[in-house]
Amino acid sequence: MKELAVNHSMLDNVSRIQSQFILDADAGAAFDALLEQILLMTDSEYGFIGEINHQEDGTPFLRTQAITNIAWNEETRQFYEEHAPSGMEFFNLKTLFGSVMTSGKPVIANDAMNDSRGGGIPEGHPALNAFLGMPFHIGQRLAGMIGIANRPGGSDDEIMQRLEPLLATCGNLVGALESTRQRVAAEEALRDANERLGETVEQMTKRNDEVMLLSKLEELMQACDTHEEAHEVVAFICRQLFPGLGGALYGIEEHSKRLHLIDDWGDCNVATVFASMQCIAIRRGRPHISAGAASPLNCRHFDAASYLSLCVPLIGKSESFGVLELISSKTDEGRDALEAVEELAVTVGRRIAVTFANLKLSEYFREQSVRDPLTNLYNRRYMSETLDRELHRAS
């Protein structure tokens, strides 16, 4: 009758532990309660419940889910406090519990210190007089084991039989824990995939907007009849293509080779005029980021102490027409922003330069059409165009 009452009590406790785990999903508390039940039922001094995992090469190792605190000095107490909540890991298989993992069978060692399968114990470790290790399974797979030490009189087949229901419960809990991990991993993977998809959509949307603005820039530039009109178009489109960045458009004076400010945007102090040799991009004939101490060379036409700058030379048909300058704050984010738009800025710069070259060529042909090539005096066509224009203005 007494044994029957003990079994009923054990089953009640197991049911309570499983119900509590279902309610709050606290695996740590459930395994701790199970270990306490195992130690009480076997009258053992200490023990553990462990999950068997595998290294990359397939070698098994033990990660504890519950373990008795048997720390015997300050170092082991600190180790227990740091690692017990997340699970201690044991890789040495030449031990009594290692024999359980490698064989998949129970190990009874009622004279543990003299058992050939043992690996000894560290100095100061509490006495290990008797040991019982029993594996538990999920289906046919070895999932974990329990280990108990120093049961009075040792262990036998009868005590292993009494532990079977608790082993089944351990297997159920580990199975539930694995399912939870898989679900969490799947949710994280789904969340990461959604984030990547969102980033891809955002990048594609941004790229589409950039393509549309570039198309608009080219369309408007082709409609420009003078450099002044082209300058207005460039400033208007650049404000939209490079949001968050300041900027300036400079034209180059043909005779002095100085660059003068045509238009600027953003809250930045920009130079109104400077010599072409002050701009590294003009000297190199390619884009250049000036980042103060982080750059070996910096343009001397902007405030390097306060800003970072990306200069793109406007070169078309082997001729320089000026510089497109983009400006950001002097931070890592500012530098990243300039590097991110460098390719786009180069594309914009090429289209601007081609348009400026075409406008210059058009102005040259227009000039040639109204002047005598020998005397350079205005010809009859100029007189006719001017007369029509003045008559129309006077009417």
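Residues numbered from 1 in each chain as written. Predicted model: local features only at pLDDT ≥ 70, side-chain atom pairs only at ≥ 80, totals over all residues. Heavy atoms only, no water.

Peer 1: Describe the packing of helix α5 (residues 157-223) against helix α6 (residues 227-241), and please don't skip the residues or the numbers.
Peer 2: Here α5 crosses α6 at 175°, and the two axes come no closer than 9 Å. One element, α5, and the other, α6, form an angle in the roughly antiparallel class. Contact residues: Glu210, Leu213, Leu214, Lys216, Leu217, Leu220, Met221 and Ala223 in α5; Glu229, Ala230, Val233, Val234, Phe236, Ile237, Gln240 and Leu241 in α6. Here the contact of α5 with α6 is built from residues that sort into 12 nonpolar, one polar and three charged. (Axes fitted to C-alpha atoms, helices over the stretch in contact; angles between N-to-C directions. Helix = DSSP H or I, 4+ residues; strand = E, 2+ residues; numbered from the N terminus. Parallel < 35°, antiparallel > 145°, perpendicular 65-115°, else oblique. Contact = heavy atoms within 4.5 Å. Nonpolar A, V, L, I, M, F, W, Y, C, P; charged D, E, K, R; others polar.)

Peer 1: Account for the packing of helix α2 (residues 27-42) against α5, naming residues and giving values.
Peer 2: Following both chains from N to C, one finds α2 and α5 inclined at 175°, their axes separated by 11 Å at the closest point. The orientation of α2 with respect to α5, classified from their angle, is roughly antiparallel. Residues Ala27, Ala30, Phe31, Leu34, Gln37, Ile38, Met41 and Thr42 of α2 form the contact with α5, whose own contacting residues are Ile159, Arg162, Leu163, Leu166, Thr169, Cys170, Leu173, Val174 and Leu177.

Peer 1: Describe in detail the nonpolar core, supporting the description with residues and values.
Peer 2: The nonpolar side chains of soluble globular proteins are, as a tendency, buried together. Judged by nonpolar contacts, the single largest core of 35 residues is most densely connected at Phe242 and Val348. For this core, the secondary-structure elements that each account for two or more residues are α5, α6, β11 (307-316), β12 (319-329) and α8 (332-370). Contact partners of Phe242, with chain neighbours within four places excluded, come to Leu326, Val341, Leu344, Ala345 and Val348. Ranked by size, the runner-up nonpolar core spans 25 residues in total, among them Leu39, Phe136, Ile148 and Leu177. (Core = buried A, V, L, I, M, F, W, Y, C linked by side-chain atoms within 4.5 Å. Buried < 20%, exposed > 50% of the residue type's maximum accessible area, 1.4 Å probe, protein only.)

Peer 1: Outline the sheet that holds strand β7 (residues 246-252), listing residues and values.
Peer 2: With respect to topology, six strands assemble into an open sheet ordered β9-β8-β7-β12-β11-β10, the strand pairing being antiparallel. Only two strands of the sheet have a single neighbouring strand rather than two, namely β9 (273-275) and β10 (288-290). On average, each strand axis in the sheet is inclined to that of its neighbour by 25°, with strand direction left out of account. Pairing of β10 with β11 involves three bridges; the strand directions are antiparallel. Following the sheet pairing, His288 is matched in β11 by Cys311. Packed onto the sheet, α6 meets β7, β8 (258-265) and β12 and runs at close to 50° relative to β8. (Pairing = 2+ DSSP bridges.)

Peer 1: Give a description of the sheet that holds strand β2 (residues 60-67) that names residues and reports values.
Peer 2: Pairing within the open sheet is antiparallel, and its six strands lie in the order β3-β2-β1-β6-β5-β4. Single-partner strands in this sheet number two, and they are β3 (89-90) and β4 (107-109). Inspection of the sheet shows strand β1 (residues 46-54) paired to β2 by seven bridges, in the antiparallel sense. Looking across to β2, one finds that His54 is bridged to Pro60. The strands touched by α2 are β1, β2 and β6 (141-149); relative to β1, the strand with the most contacts, the crossing angle is about 130°.

Peer 1: So what's going on with the confidence of the model for the chain? Residues and values would help.
Peer 2: Regions with low pLDDT carry predicted coordinates that are not meant to be interpreted in detail. Looking at the chain as a whole, its pLDDT mean stands at 85, while 89% of the residues score no less than 70. Averaged pLDDT values over the elements of the chain bottom out at 57 in helix α1 (residues 2-24) and peak at 95 in β4. (pLDDT = per-residue confidence, 0-100.)

Peer 1: I'd like to hear about a negative patch on the surface, residue by residue, with values.
Peer 2: Together, Glu188, Asp192, Glu195, Glu199 and Glu202 give the surface a local cluster of negative charge. With respect to the element layout, Glu199 can be found in helix α5. (Patch = residues over 30% accessible without salt bridge, like charges linked within 9 Å, V, L, I, M, F, W, Y side chains within 5 Å. Areas by Shrake-Rupley, 256 points an atom, 1.4 Å probe, with all protein chains shown as cover. Salt bridge = Lys/Arg side-chain N within 4 Å of Asp/Glu carboxyl O. Lys, Arg positive; Asp, Glu negative; His and termini not counted. Charge placed at Lys NZ, Arg CZ, Asp CG, Glu CD.)

Peer 1: How would you summarise the pattern of salt bridges if you had to cite specific residues and measurements?
Peer 2: Applying the stated criterion across every chain yields a total of 10 salt bridges. In this structure, Glu89 engages Arg63 in a salt bridge whose closest nitrogen and oxygen atoms are separated by 2.5 Å. Here Glu89, found in strand β3, pairs with Arg63, found in strand β2; they are 26 residues apart in sequence, far enough to count as distant. The closest approach of N and O atoms between Arg141 and Glu178, which form a salt bridge, is 2.7 Å.

Peer 1: Give me the packing of aromatic side chains: which residues, what numbers.
Peer 2: Taken as a whole and assessed by the stated rule, the structure comprises five aromatic pairs. Ring geometry for Phe61 against Phe91: centres 4.8 Å apart, planes inclined by 25°, an arrangement best described as stacked. In this pair, Phe61 sits in strand β2 while Phe91 sits in the loop between β3 and α4 (96-103), placing the two residues 30 residues apart along the sequence. A relative accessible area of 7% means that Phe61 is categorised as buried. A relative accessible area of 40% places Phe91 in the partly exposed class. Seen in terms of ring centroids, Tyr250 and Phe274 are 4.9 Å apart; in terms of plane orientation they differ by 75°. Their pairing is edge-to-face. Placement of Tyr250 in strand β7 and of Phe274 in strand β9 is noted, with a sequence separation of 24 residues between them. (Phe/Tyr/Trp six-rings, centres within 6.5 Å; stacked < 30°, edge-to-face > 60°.)

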